[in-house]
Amino acid sequence: MKVILFLLTLLLSCQTVHARQIAVHVHSEHESHNQQTFPVNGTILTLDGRQVRFGELSLMQPLGWAVSPSGYFIAFIDSRDGFGLRTADSNAREIAFNPLEFFRPDDQTLEIYSFDDGRTVVRDNVANFSFFSADGSLLYSVSNSSGSAQGERESRLASDKAGTSVVLYNPVILKPDGTGSRAAIAGDDQNLHFFFESVDEEIKIAEVSENGSFITVITTGGSGDRVHLFDRFGNELYTRVSEDALTGASLTGDGRYLTLYTSGRVQVYQTVTGELLGSASSRTTLIKAIYSPEDELIVALGGTVRGRSIAAPVLTAVHLGQRQIRREDIRQSLSLLSAPDISIKRTAESTFVVSGLNKKLEAVITF
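About the criteria used
- Residues numbered from 1 in each chain as written.
- Predicted model: local features only at pLDDT ≥ 70, side-chain atom pairs only at ≥ 80, totals over all residues.
- Heavy atoms only, no water.
- Helix = DSSP H or I, 4+ residues; strand = E, 2+ residues; numbered from the N terminus.
- Buried < 20%, exposed > 50% of the residue type's maximum accessible area, 1.4 Å probe, protein only.
- Contact = heavy atoms within 4.5 Å.
- Areas by Shrake-Rupley, 256 points an atom, 1.4 Å probe, with all protein chains shown as cover.
- Lys, Arg positive; Asp, Glu negative; His and termini not counted.
- Charge placed at Lys NZ, Arg CZ, Asp CG, Glu CD.
- Core = buried A, V, L, I, M, F, W, Y, C linked by side-chain atoms within 4.5 Å.
- Pairing = 2+ DSSP bridges.
- Axes fitted to C-alpha atoms, helices over the stretch in contact; angles between N-to-C directions.
- Salt bridge = Lys/Arg side-chain N within 4 Å of Asp/Glu carboxyl O.
- Phe/Tyr/Trp six-rings, centres within 6.5 Å; stacked < 30°, edge-to-face > 60°.
- Lys NZ or Arg CZ within 6 Å of the ring centre and 35° of its normal.

**Student:** Sorry if this is basic, but what is going on with the overall build of the protein here?
**Tutor:** What the protein contains, in helices and strands, is one helix and 33 strands. Referenced to the eigenvectors of the C-alpha coordinate spread, the extents of the protein come out at roughly 85 × 50 × 30 Å. Looking at the 367 residues of the protein, the share that counts as buried comes to 49%. Summarising the internal contacts of the protein: among those between residues at least 6 apart in sequence, 38% fall at separations of at least 24. When the accessible surface of the protein is split by element, carbon and sulfur atoms take 48% of a total near 17,700 Å². Distance from the positive charge centre (33 side chains) to the negative charge centre (43 side chains) of the protein: 8 Å.

Below you can see the structure in the form of structure tokens.
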């Protein structure tokens, strides 16, 4: 009997220690959020079919919409009360309206991008980008068409939150003998400055770092996936070929550490030397992963994305110094607006906040 009690006590003790290895807490105000409700800068974004609610503002069947990265503004194309571009703040106050006289409501390539300073970009006609000021006036338009006779996929835009570094790219350009791609920096001179072009690689992902200093481009082609790192002027700083299909990459603010992740593996490289600092396998598909050099920690969110829902979410931490790994199932109903919106940020020693989900999470990690 004493042996049984001893084993039971040991088991409970081990479970308690394990629970403290990664302690995940949900923001108290987000506990009741369903998978269609997202916290955005002190207000709530709710998706209900084709209706979008942003605080007290209700959008009925908008032709396109976008929330600025920090949630300061929502921009949308109104299809009901006059065809035009409207911008409102997080208090539901309309701050700008511009009739879209030269746009077509039936254009299936309409897309909106919103910056934290209130500026908005509208893509139409596959590759045309129109930049609007915070007060809704048209600043300029630029075409990113490759001119390929075989055609191309819709051009895309990547930028930092404030829109100080803006990249326009053609993810797939059809050619007589295959596919290629290219990327350009939209300069202050209202011209495009091309810094990447390939005749046999397609661009899977292009991202600008949060501080606008670096551009990461992930490509795929006959020789596998490749990651290219550029500075904000388009100078290539680093490149690496991956044996596996890459699903994402993240960069530290100083550009010194690059985290690459596939569906089931994460790796961290030092960009100056090219040294592999560490890697780990994952039991679940990785959605987002970052490296914190201060803590020598890889922190990754995994799970199966089905639409907006994340099934069986897991938080994984890897201590590169101690060569140890911790995993914690997140017993919450989680969803996302889009994978690029998810961020994992360090707030204190071994403490991280995961945002961009329907619930903000805080993770305290101990080894």
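**Student:** Teacher, can you tell me more about the nonpolar core here?
**Tutor:** Burial of nonpolar side chains together is a common tendency in soluble globular proteins. The biggest cluster of nonpolar side chains holds 21 residues, and the ones touching the most others in it are Val299, Leu301, Leu315, Val354 and Leu357. Counting residues per element, the ones that place at least two in this core are β1 (22-26), β26 (286-292), β27 (297-306), β28 (309-319), β32 (351-355) and β33 (361-365). Sequence-distant contacts of Leu357, defined by excluding residues within four places in its chain, comprise Phe38, Pro39, Leu301, Ile310, Leu334, Ser335, Leu336 and Ile342.

**Student:** Is there a simple way to explain the pairing of strand β15 (residues 166-175) in this structure?
**Tutor:** One face of the sheet, then the other: side chains in a regular strand alternate in exactly this way. Most of β15 is tucked away, with eight of its 10 residues classed as buried. Hairpin connection from strand β14 (residues 156-159) to β15: six residues lie between these consecutive antiparallel strands, with Gly163 at a positive phi of about 75°. Where β15 lies against strand β16 (residues 178-186), seven bridges are found, and the strand directions are antiparallel. Bridged to Val167 within β16 is Ile185. What sits between the antiparallel neighbours β15 and β16 is a turn of two residues.

**Student:** In this structure, what is going on with the sheet that holds strand β7 (residues 73-78)? I would like to understand it.
**Tutor:** Where strands meet in a sheet, backbone hydrogen bonds hold them as pairs that are either parallel or antiparallel. An order of β6-β7-β8-β9 is seen for the four strands of this open sheet, with the pairing classed as antiparallel. The sheet is open, and its two borders are formed by β6 (64-67) and β9 (94-99), each paired with just one other strand. Across the sheet, the mean angle separating the axes of adjacent strands is 10° when strand polarity is ignored.

**Student:** Whenever I open this one, the pairing of strand β10 (residues 111-114) confuses me. Can you help?
**Tutor:** Pairing of β10 with strand β11 (residues 120-124), which is carried by four bridges, proceeds in the antiparallel orientation. If you follow Glu111 over to β11, its bridge partner there is Arg123. Count of turn residues in the β10/β11 antiparallel hairpin: five residues, of which Gly118 carries a positive phi of about 95°.

**Student:** Whenever I open this one, the pattern of salt bridges confuses me. Can you help?
**Tutor:** Two side chains carrying opposite charge are able to pair once their charged atoms lie near each other. By the definition in use, this model includes 13 salt bridges. A salt bridge links Arg104 to Asp106; the nearest nitrogen and oxygen atoms lie 3.1 Å apart. According to the relative accessible area criterion, Arg104 is partly exposed, its value standing at 47%. A salt bridge links Lys204 to Asp225; the nearest nitrogen and oxygen atoms lie 2.7 Å apart.

**Student:** Looking at this structure, how should I read the side chain of Asp124?
**Tutor:** Within the secondary structure, Asp124 sits in strand β11. Although Asp124 lies buried, it forms no salt bridge, and the closest oppositely charged side chain, Arg104, sits 6.6 Å away as judged by the N-O distance. Ignoring any residue separated from it by four or fewer positions in sequence, one finds Asp124 in contact with Phe103, Asp107, Thr109 and Leu110.

**Student:** Explanation requested: the sheet that holds strand β5 (residues 57-60) in the structure shown.
**Tutor:** What the four strands build is an open sheet, ordered β2-β3-β4-β5; its pairing is antiparallel. What marks the edges here is a single partner per strand, and that holds for β2 (37-40) and β5. Taking each pair of neighbouring strands and ignoring which way they run, the sheet shows an average axis angle of 15°. As paired strands, strand β3 (residues 43-48) and strand β4 (residues 51-54) are joined by four bridges and run antiparallel to one another. Looking at β4, one finds that Asp48 is bridged to Gln51.

**Student:** Before we go on, may I ask you to explain the environment of Val268 in this structure?
**Tutor:** Residue position: Val268 is located in strand β24 (residues 265-270). Put simply, Val268 and Gly278 are 10 residues apart on the chain and 5.7 Å apart in space, counted from C-alpha to C-alpha. Non-local contacts of Val268, meaning those with residues more than four positions away in its chain, are made with Leu258, Thr259, Glu275, Leu276, Leu277, Gly278, Tyr291, Ile298 and Leu320.

**Student:** Hey, could you run me through unusual backbone geometry in this one?
**Tutor:** For residues other than glycine, phi is negative in most cases, and the peptide bonds are mostly trans. With a phi close to 50°, Asn41 is a non-glycine residue in the positive phi region. Given a relative accessible area of 39%, Asn41 falls into the partly exposed group.

**Student:** Explanation requested: the packing of aromatic side chains in the structure shown.
**Tutor:** Remark: the centre distance and the inter-plane angle together describe each pair of aromatic rings, the angle taken between the planes. Counted according to the given criterion, the structure contains five aromatic pairs. Consider the rings of Phe195 and Phe230, whose centres lie 4.8 Å apart with planes at 70°: the pair is edge-to-face. Here Phe230 lies in strand β20 (residues 224-231) and Phe195 lies in strand β17 (residues 192-198), a separation of 35 residues in the sequence. The exposure classification of Phe195 matches that of Phe230, with both residues buried. Here the aromatic rings of Phe196 and Phe230 are separated by 6.4 Å at their centres, their planes lie at 70°, and the arrangement is edge-to-face. You can see Phe196 sitting in strand β17 and its partner Phe230 sitting in strand β20, a full 34 residues away along the chain. Both residues of the pair, Phe196 and Phe230, belong to the buried class. These aromatic residues form a ring-pair network of at least three members: Phe195, Phe196 and Phe230. Stacked on the ring of Phe233, the Lys or Arg Arg232 has its end atom at 5.1 Å from the ring centre.

Keep in mind these values describe shape, not function.
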